[in-house]
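This is what each chain is made of:
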Amino acid sequence: MGAYKTKALTKEQYTQIIETIKGGFLGIKPNKQVATILVLESNLGIRVSDVVNLTLNSIVKDGNRYRLDIIEIKTQKKRTFTVPIEIYNYIKQYCIDNDIKSNSKIFKITTRQVQSILKSAVEYLGYKDISTHSFRKFYATNIYINNNYDIMLVKELLQHASVETTQKYIGIGTEQLEKAIQNNLNLL
């Protein structure tokens, strides 16, 4: 499924998918590891391939904040964005609970395995056009909406080369354009 064929999740879908994977379903065992990977993808905006390769040392204390310090697998671009303290603590607690050393990979699973478990959960829930990339799109869409529809901010955070890519990516489509035109009427 290509990046533009998948859609961003709604908050309800996000919650249902995470809870379903955590709890297990139809012969699929509960999987906190996959749920955690998807939570991180939707809170850091990085691709699942980058999440599965994280170590606790990938997050560096920088003064009074934490920042991600990785090279993205797909683009080979350096990513050094801030990691909210809540997300750092979430990751750290996961590492403590699972006896993972700070220089070891946090997750012992492949991207394909994550995709497979997610696919089963999505089918179980009856959703369409949702893949691991939907969690990155969920992040992007929420950043866009919660920051005054600042497309340049989203472009920067996703490290896209062009605004056009970001617009396609977060699905700024006909409905939003029509609404914007309608909301801009200035009749006397």
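For the structure itself, look to the data block above.
Criteria and cut-off values
All residue numbers refer to position in the chain's written sequence, counted from 1. Owing to the predicted nature of the model, reporting of local features is limited to residues with pLDDT of at least 70; listing and counting of side-chain atom pairs is limited to 80 or more, with chain, interface and lining totals taken over all residues. The basis for every side-chain value is the complete set of non-hydrogen atoms in the structure, without hydrogens or water. Strands are runs of DSSP state E lasting at least two residues, helices are runs of H or I lasting at least four, and both sets are numbered from the N terminus onward. The span expected for a helix works out to 1.5 Å for each residue beyond the first. The classification of residues rests on relative accessible area computed with a 1.4 Å probe and restricted to protein chains. Under 20% of the type maximum is buried, over 50% is exposed, and intermediate values are partly exposed. Working definition: the arc comes from the directions between the helix axis and the C-beta atoms, pointing outward to the latter. Whether two residues touch is decided by their heavy atoms; if any such pair falls within 4.5 Å, the residues are in contact. What we call a nonpolar core is a set of buried Ala, Val, Leu, Ile, Met, Phe, Trp, Tyr and Cys residues that are connected through their side-chain atoms within 4.5 Å.

Chemist: Quick question: what am I supposed to make of helix H4 (residues 85-97) here?
Modeler: An α-helical turn contains 3.6 residues, so a residue and the one three or four places further along point in the same direction. Here H4 is 13 residues long and its end C-alpha atoms lie 18 Å apart, about the 18 Å a rise of 1.5 Å per residue gives. Among the residues making up H4, those that are buried are Ile87, Tyr88, Ile91, Tyr94 and Cys95. Buried positions in H4, seen along its axis, are confined to an arc of 125 degrees and lie on one side of it. In this structure, H4 carries Glu86 and Ile96 as exposed residues pointing more than 90 degrees from its buried face. Each element contacted by the buried residues of H4 is listed here: helix H2 (32-44), strand E1 (59-62), strand E2 (65-68) and strand E5 (82-83). Phi for Asp99, located one or two positions after H4, is positive at around 50 degrees.

Chemist: It is not clear to me how the nonpolar core should be interpreted in this structure. Could you clarify?
Modeler: The nonpolar side chains of soluble globular proteins are, as a tendency, buried together. With 42 residues, the main nonpolar core has Ile17, Ile21 and Leu54 as its most contacted residues. Every element with two or more residues in this core is listed here: helix H1 (11-23), H2, helix H3 (48-51), E2, H4, helix H5 (111-125) and helix H6 (133-146). At seven residues, H2 tops the list of elements feeding residues into this core. Ignoring any residue separated from it by four or fewer positions in sequence, one finds Ile21 in contact with Lys29, Pro30, Asn31, Val34, Ala35, Leu38, Ile117, Leu118 and Ala121. Counting 10 residues, the second largest nonpolar core, distinct from the first, contains Ala140, Tyr144, Val154 and Tyr169.

Chemist: Explain unusual backbone geometry to me, please; I cannot follow it from the model alone.
Modeler: Where the residue is not glycine, phi is negative for most of them; where a peptide bond is considered, it is trans in most cases. Of note in the backbone geometry, Asp129 takes a positive phi value of approximately 60 degrees without being a glycine. Mapped onto the elements of the fold, Asp129 is located in the loop between H5 and H6. Positive phi is not limited to glycine here, since Tyr149 has a value of about 55 degrees. The residue Tyr149 is located in the loop between H6 and helix H7 (151-158) in this model.

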